[in-house]
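# Geometric and topological summary
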Amino acid sequence: MSKKNDKLEALDLNAYYGDFHALKGINIVMEEKAVTAFIGPSGCGKSTFLRTFNRMNDYIDGFRVDGQILLDGRDIYQKDVRVDELRKEVGMVFQKPNPFPKSIFENVVYGLKIQGIKKKSVLEEAAEQSLRHAALWEEVKDKLDKSALALSGGQQQRLCIARALAISPSVLLMDEPASALDPISTAKIEELIYDLKNDYTIVIVTHNMQQAGRVSDHTAFFYMGELVEYNKTKTMFTSPKEERTQNYITGRFG
Amino acid sequence: MRVSEKIIEGLLWLSAVITVLVTIGIIWVLLSESIGFFRQVSIVEFLTEKEWTPLFANKKFGIMPLVAGTLLTTLIAIAVALPLGLTIAIYLNEYAHARMRQIVKPLLEVLATIPTVVYGFFALTVVTPFLQQIIPGMAGFNALSAGIVMGIMIIPMISSLSEDAISSVPRSLREAAYGMGSTRLQTSFGVMVPAASSGIIVSVILAISRAVGETMIVAIAAGQQPRLTMNPLVPIETITTYIVQVSMGDVPQGSLEYKTIFAAGITLFIFTFALNNLSFWIKKKYQEKYD
């Protein structure tokens, strides 16, 4: 297999909530069109770290970072970077499905509409394509004008994925995307992640070790704000280098 | 123990009953006196006659000039308060830092504590002369300056209720909007305001209801001349102002002139009652939607 390009990089990244040192000197390189899983116990900083890649932490009072986050080699914390432009490149799916209280169609095309795209044929095509991509098209194609809130939780989450895909980002951040879903929906989302990595660089935060093992190519283990170990998922789960990693993945704490 | 429990229960029951009784009493007085009025003046005349001159020799009993005055000042007030109040609410919610919010919010509450009589004189002695420089033909008493000042008075009502409505929109929706690359403006107007719309509508209805019932500002600054017009530059009279005017005058109790107060009062009551019920209904519907 040919060497893939580096897509995302963190260099000596520190993050603080006021006085609390949430992320401590993180260095990591993630390659494109691969799935990287962040695992670790609650409060270890993995979600905070995920959210630095689309600067979602910017709105939290007292939050600051130093160090660099590079997307395709460009530091996204530079002053001249527009966060709204950045987030069109780096899409996000949240823990709890959060569709807008609008129709299914309006949800999917939201990102296109705010970019000023109004042409109905373009929107319709993008909606169908994104919904197909998110494996939801067959279930909703006859009720696109129905409220998104009438869908099941799993369908809502796939709708949120379709919504994120519609603006063709290159990176997809997923913050425990299946933790609020039932096992069948979870399986569908995992299957979807597997398909999506052909086109997208995916970073997924998960509490579920089996899930990390199933969907990811690389796994990063965080503990108390530090990146303890980062390796190929297979290697990590069969022969972890660090004792803390071993203890965590064998369920001795967490 | 059980006895004191019973006593407290009785006291609580009594307080509840007193408020209900007072309300019933008010409605009863309004109704009985109005019925007396409508025995002498037909409802058709009351609703269709274009003049309201119960205190003159040539008596005419058309409520419409008073309703028009009330609607006109209310309309102006809302036209001032809605854009400003909503902008403030969005600013506080989406743009302002925590410290800024802590300063601005109490300051806005101060606006709500100023006695309305002060607002009235502010309208008459500051706003009217200022407006007269811009609009030369404007009368000294007019609906415009009373309406504007009334609008300023109800800004905090709209801004703080709307702010509550916007901040009760689930955080996840805001994150969804930002996550899709929305700017703050797109997040506010495309997602937050629509999601909070029922709460915002309730705030506006309550503000309207407040403006309809407002008395002092219009009594001082709008003149006391019932006139069926939508021209904001001339003196008008609102329902409330008329009630004050007659109540303070020397109209003999029991006379037809005296009963006009109650006819005007019940008209006002119907307006505010309908508005409050409307807001209650919307609020209820909105809560069902989010549960």
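Residues numbered from 1 in each chain as written. Chains lettered and ligands numbered in written order. Predicted model: local features only at pLDDT ≥ 70, side-chain atom pairs only at ≥ 80, totals over all residues.

### Remarks on the sheet that holds strand β3 (residues 35-39) of chain A
Strand pairing in a sheet relies on backbone hydrogen bonds. The paired strands run either parallel or antiparallel. Residues and elements named next belong to chain A. Read from one edge of the open sheet, six strands run β6-β7-β8-β3-β9-β10, paired in mixed fashion. Both outer strands of the open sheet, β6 (90-93) and β10 (226-232), are each paired with one neighbouring strand and no more. Sheet twist, expressed as the average angle between the axes of neighbouring strands with direction ignored, equals 15 degrees. Direction of pairing for β3 relative to strand β9 (residues 218-223): parallel, over a ladder of four bridges. The partner of T36 across the bridge, within β9, is H218. (Pairing = 2+ DSSP bridges. Helix = DSSP H or I, 4+ residues; strand = E, 2+ residues; numbered from the N terminus. Axes fitted to C-alpha atoms, helices over the stretch in contact; angles between N-to-C directions.)

### Section: the UniProt feature "transmembrane region" (unreviewed entry) in chain B
Residue and element names in this part refer to chain B. Here the UniProt-annotated "transmembrane region" (unreviewed entry) positions come out as residues 12-31, 63-86, 107-131, 143-166, 187-208 and 261-282. Each end of residues 12-31 is marked by a C-alpha atom, and these two atoms are 29 Å apart; helix forms 100% of the span and strand 0%. Across residues 143-166 one finds 100% helix and 0% strand; the C-alpha atoms that close the span lie 32 Å apart. (UniProt positions renumbered as here; feature names shortened; annotations may be inferred.)

### With respect to the UniProt feature "domain: ABC transmembrane type-1" (unreviewed entry) in chain B
Feature annotation in UniProt assigns "domain: ABC transmembrane type-1" (unreviewed entry) to the following positions: residues 67-279 of chain B. Within residues 67-279 of chain B, the helical portion is 78% and the strand portion 0%, while the C-alpha atoms at the span's ends are 21 Å from each other.

### Some thoughts on the pairing of strand β7 (residues 171-175) of chain A
Here is the key point about a regular strand: its side chains alternate between the two faces of the sheet. Residue and element names in this part refer to chain A. Of all five residues in β7, five are buried; the element is thus mostly enclosed. Side chains V171, L173 and D175 project from β7 onto one buried face, and the interleaved L172 and M174 project onto a second face that is buried too. Two elements, β6 and β7, share four bridges in a ladder whose sense is parallel. Following the sheet pairing, V90 is matched in β7 by V171. The pairing of β7 with strand β8 (residues 201-205) spans five bridges and is classified as parallel. Counted as the bridge partner of L173 is V203 from β8. You can see the chain leave β7, run along helix α7 (residues 183-196) and come back into β8, and the turn it takes is right-handed. (Buried ≥ 20, exposed ≤ 12 C-beta atoms within 10 Å, placed from the backbone. Right-handed = clockwise from strand over helix to strand, strands pointing away.)

### Description of the environment of P54(B)
Residues and elements named next belong to chain B. Here P54 is to be found in the loop between α2 (43-48) and α3 (64-95). Considering only alpha carbons, one finds P54 and I76, 22 residues apart in sequence, at a separation of 27 Å. In this structure P54 touches K59, F61, E257 and T260, once residues within four positions along its chain are discounted. (Contact = placed C-beta atoms within 7 Å.)

### With respect to the sheet that holds strand β4 (residues 63-71) of chain A
Residues and elements named next belong to chain A. Ordered in space as β2-β1-β4-β5, the four strands form an open sheet in which the pairing is antiparallel. In this open sheet, the two edge strands, each paired with only one partner strand, are β2 (20-31) and β5 (74-75). Relative to β5, β4 runs antiparallel, the two sharing two bridges. Looking across to β5, one finds that L71 is bridged to R74.

### So, the interface of chain A and chain B
In this complex, chain A contributes 18 residues to the contact, which on the side of chain B involves 15 residues. Mapped onto the side of chain A that touches chain B, the elements with two or more residues apiece are α2 (83-89) and α3 (104-113) of chain A. In terms of residues, the side of chain A that touches chain B owes the most to one element, α2(A), which gives four residues. For the side of chain A that touches chain B, the per-class residue count stands at eight nonpolar, three polar and seven charged. (Nonpolar A, V, L, I, M, F, W, Y, C, P; charged D, E, K, R; others polar.)

### Comments concerning the domain arrangement of chain B
All names here are of chain B. Segmentation of chain B into domains returns domain 1 (2-40) and domain 2 (64-290). Its C-alpha centre places domain 1 at a distance of 29 Å from the equivalent point of domain 2. Each partner contributes to the interface: domain 1 provides six residues, whereas domain 2 provides eight residues. Looking at the side of domain 1 that touches domain 2, its residues break down into two nonpolar, three polar and one charged. (Domains from an automatic or database assignment.)

### Digging into the environment of I76(A)
Residues and elements named next belong to chain A. Turning to its location among the elements, I76 is positioned in the loop between β5 and α2. Look at I76 and you get buried, because 20 C-beta atoms sit within 10 Å. Remark: the alpha-carbon pair of I76 and G43, spanning 33 residues in sequence, is separated by 24 Å. Discounting residues that sit within four places of it in the chain, I76 has contacts with R55, I69, L71, V81 and L86.

### As for the nonpolar core
Counting 144 residues, the largest nonpolar core has V149(B), I154(B), I158(B), A207(B) and I217(B) as the members making the most contacts within it. Tallying contributions element by element places helix α6 (residues 143-167) of chain B first for this core, with 15 residues. (Core = buried A, V, L, I, M, F, W, Y, C linked by C-beta atoms within 7 Å.)

### Overview of unusual backbone geometry
Trans is the common state for peptide bonds, and a negative phi is the common state for residues other than glycine. Residue and element names in this part refer to chain A. The backbone of D72 sits at a positive phi, close to 50 degrees, despite the residue not being glycine. Backbone geometry at M224 places phi at a positive 50 degrees, although glycine is not the residue there. Tracing the sequence through the fold places M224 in the loop between β9 and β10.

### Quick notes on the UniProt feature "domain: ABC transporter" (unreviewed entry) in chain A
Here, the residues flagged by UniProt with the feature "domain: ABC transporter" (unreviewed entry) are residues 8-249 of chain A. Here residues 8-249 of chain A runs as 37% helix and 27% strand, with 25 Å between its end C-alpha atoms.

### Points about helix α1 (residues 2-40) of chain B
Helix length check: α1(B), at 39 residues, gives a terminal C-alpha distance of 57 Å against a target of 57 Å (1.5 Å per residue), a fit within 8%. The element α1(B) is largely exposed, with a buried count of two among its 39 residues. (Expected span 1.5 Å × (residues − 1).)

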